[in-house]
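Residue strings, one per chain:
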Amino acid sequence: QHYSSFYSPFLHPKRRRSRWRKTVMASTSHTPAPAHSKKDKLVVIMGATGTGKSGLSIDLATRFFPSEIINSDKMQVYKGLDITTNKIPSHKRHNVPHHLLGEFVPDDVEFTPDDFRLQADNAISDIISRKKTPLLVGGSNSFIYSLLVQEYDPGLNVFDDRFDSDSVSSSLRYNCCFLWVDSSLQLLYDYLNKRVDDMLESGMFEELAEFFDSDRMRNNNSVSLGVGLLKAIGVPEFERYFKMYPPASVEVKGEWDPVRRGVYQEAVREIKENTRRLAKRQIDKILKLERAGWDLRRLDATTAFRMLMNGDQEWRCVWERQVVEPSVKIVKRFLDE
Ligand code: ATP
């Protein structure tokens, strides 16, 4: 029997009603899931933006079949801005089911870590009830933390600099295998700069033009309010540009005057800077979790990134050898335990 993926409290006592209504029908049938025990296994792929987590998650999900992926990137939970927020495109998902990816309509309401704790827990119960392995993948450490800790206090931001790692709980409610994809920061910065250019090539600017041209944005010029998807890197940075040059007046880029080109380039510069800052903050949060005793297995992608940046096509082999193969070994041991 197919239920709407809007979790009804009547399906199972664990499945509480949330204020979030999903926008899609689930493709799998939802039989009531048993309450999961502390022993439930969960593979968690962490890392800064741009480190290749999504690709690795597909590599693992296709090797450790059957698996399903739960997104833990706080901008990717919303429907829309797929290029801007870097959602893994459908053709790269290799039919691996994804949960909490682009499922929530961003009606100017924030999807909070507390919402995530409930929704992702439901998704995990559902996946496990169907005898599949859940993989949690995404860069938002506040989401990962809220979901995994035994006792979660929504009023306490443990990542705030005012608190040291003693405030971070290491008592977790699942049996977790943590993979952390990392790289030297400078190389990651170089790569992220390049990735922004690639995203613009792939249609990020056009996607943002459409976003700024939507009824929602025309009726309510409230990027400054900064809730939900309005915070996605790319939106605030391009606000000035689209105020000066309304999206409906798109002209061929080659014919832009120098002022217009300058405003555009400034937006791109800010996007690159804010993306680098995001990556740095994400790594700092991961280090804090590690200091608090989270057992993270670090996979060093530095050499693969260096080769990629040098245009060496062999980077894929190095990625396979230094990131994918060790991850496969770690996950295999974990699942066999
Ligand atoms: P958290 O800190 O809660 O773990 P996070 O790692 O996503 O989450 P933040 O420091 O909260 O990082 O985010 C910094 C900025 O980057 C915010 O404006 C956020 O909305 C934006 N951001 C985060 N992820 C993405 C993404 N996938 N695409 C675009 N912008 C993003």
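Look up: the structure comes first, before these words.
First things first, this report covers the structure right here in the doc. (Residues numbered from 1 in each chain as written. Predicted model: local features only at pLDDT ≥ 70, side-chain atom pairs only at ≥ 80, totals over all residues. Heavy atoms only, no water.)

In this section: the site of the ligand. The environment of the ligand is formed by 16 residues, the closest being Lys74, Asn141, Ser142, Arg281 and Lys285. Elements represented by at least two residues in the shell around the ligand include exactly helix 3 (141–148) and helix 8 (258–291). In terms of residue class, the shell around the ligand is made up of 4 nonpolar, 7 polar and 5 charged. Formed jointly, the shell around the ligand draws a minimum of three residues from each of two domains, domain 1 (41–184 + 295–336) and domain 2 (189–275). (Near = heavy atom within 4 Å. Helix = DSSP H or I, 4+ residues; strand = E, 2+ residues; numbered from the N terminus. Nonpolar A, V, L, I, M, F, W, Y, C, P; charged D, E, K, R; others polar. Domains from an automatic or database assignment.)

With that settled, consider helix 9 (residues 302–309). Considered for burial, the residues of helix 9 that qualify are Thr302, Ala304, Phe305, Met307 and Leu308. Turning to helix 9, the residues buried within the fold contact strand 5 (175–182), helix 4 (185–201), strand 6 (296–300) and helix 10 (315–336). Downstream of helix 9 by one or two residues, Gly311 has phi in the positive range, about 75 degrees. (Buried < 20%, exposed > 50% of the residue type's maximum accessible area, 1.4 Å probe, protein only. Contact = heavy atoms within 4.5 Å.)

This part takes up the pattern of salt bridges. All told, the structure shown has 18 salt bridges when counted by the stated rule. A salt bridge links Glu273 to Arg269; its shortest N-O distance comes to 2.8 Å. Pair noted here: Glu273 and Arg269 are both in helix 8, with a separation of 4 residues, about one helical turn. For Glu273, a relative accessible area of 22% corresponds to the partly exposed category. Taking relative accessible area as the criterion, Arg269 reaches 41% and is therefore assigned partly exposed. (Salt bridge = Lys/Arg side-chain N within 4 Å of Asp/Glu carboxyl O.)

Another aspect to go through is helix 7 (residues 235–244). Structurally, the α-helix is built with 3.6 residues per turn, so residues lying three or four positions apart point the same way. Buried residues of helix 7: Val235, Glu237, Phe238, Glu239, Tyr241 and Phe242, and no others. Buried residues along helix 7 sit against helix 5 (204–212) and helix 8.

On to the sheet that holds strand 6, then. With respect to topology, 6 strands assemble into an open sheet ordered 3-2-4-1-5-6, the strand pairing being parallel. Of all the strands in the sheet, the pair left with one neighbour each is strand 3 (98–99) and strand 6. In terms of strand pairing, strand 1 (residues 41–47) meets strand 4 (residues 133–137) through 3 bridges, oriented parallel. Residue pairing for strand 4: Ile45 is matched across the bridge by Val137. (Pairing = 2+ DSSP bridges.)

This next bit is on the nonpolar core. Considering soluble globular proteins, one finds that nonpolar side chains tend to be buried as a cluster. Membership of the largest hydrophobic core comes to 61 residues, with the highest contact counts inside it found for Leu148, Phe238 and Trp294. Here this core gathers at least three residues from each of two domains, domain 1 (41–184 + 295–336) and domain 2 (189–275). For Leu148, the contacting residues outside a window of four places in its chain are Leu42, Val44, Leu136, Ser171, Leu172, Arg173, Tyr174, Cys176, Phe178 and Trp294. Core analysis: the next-biggest nonpolar cluster, separate from the first, contains 38 residues, Ala48, Leu135, Val324 and Val328 among them. (Core = buried A, V, L, I, M, F, W, Y, C linked by side-chain atoms within 4.5 Å.)

This part takes up the environment of Phe238. Mapped onto the secondary structure, Phe238 falls in helix 7. The exposure class assigned to Phe238 is buried, which follows from its relative accessible area of 0%. Separated by 29 residues in sequence, Phe238 and Ala267 have C-alpha atoms that sit 5.5 Å apart. Leaving out residues up to four positions away in the same chain, Phe238 has contacts with Phe205, Leu208, Phe212, Tyr264, Ala267, Val268 and Ile271.

Our focus in this paragraph is the pairing of strand 4. The side chains of a regular strand alternate between both faces of the sheet. Extensive coverage of strand 4 is indicated by the burial of 5 of its 5 residues. Residues Thr133, Leu135 and Val137 point to one face of strand 4 and Pro134 and Leu136 to the other, with burial holding for every one of them. Both strand 2 (residues 67–71) and strand 4 contribute to a ladder of 5 bridges, which runs parallel. Directly across from Ile70, in strand 4, lies its bridge partner Leu136.

By themselves, these observations are geometric and do not establish any function.
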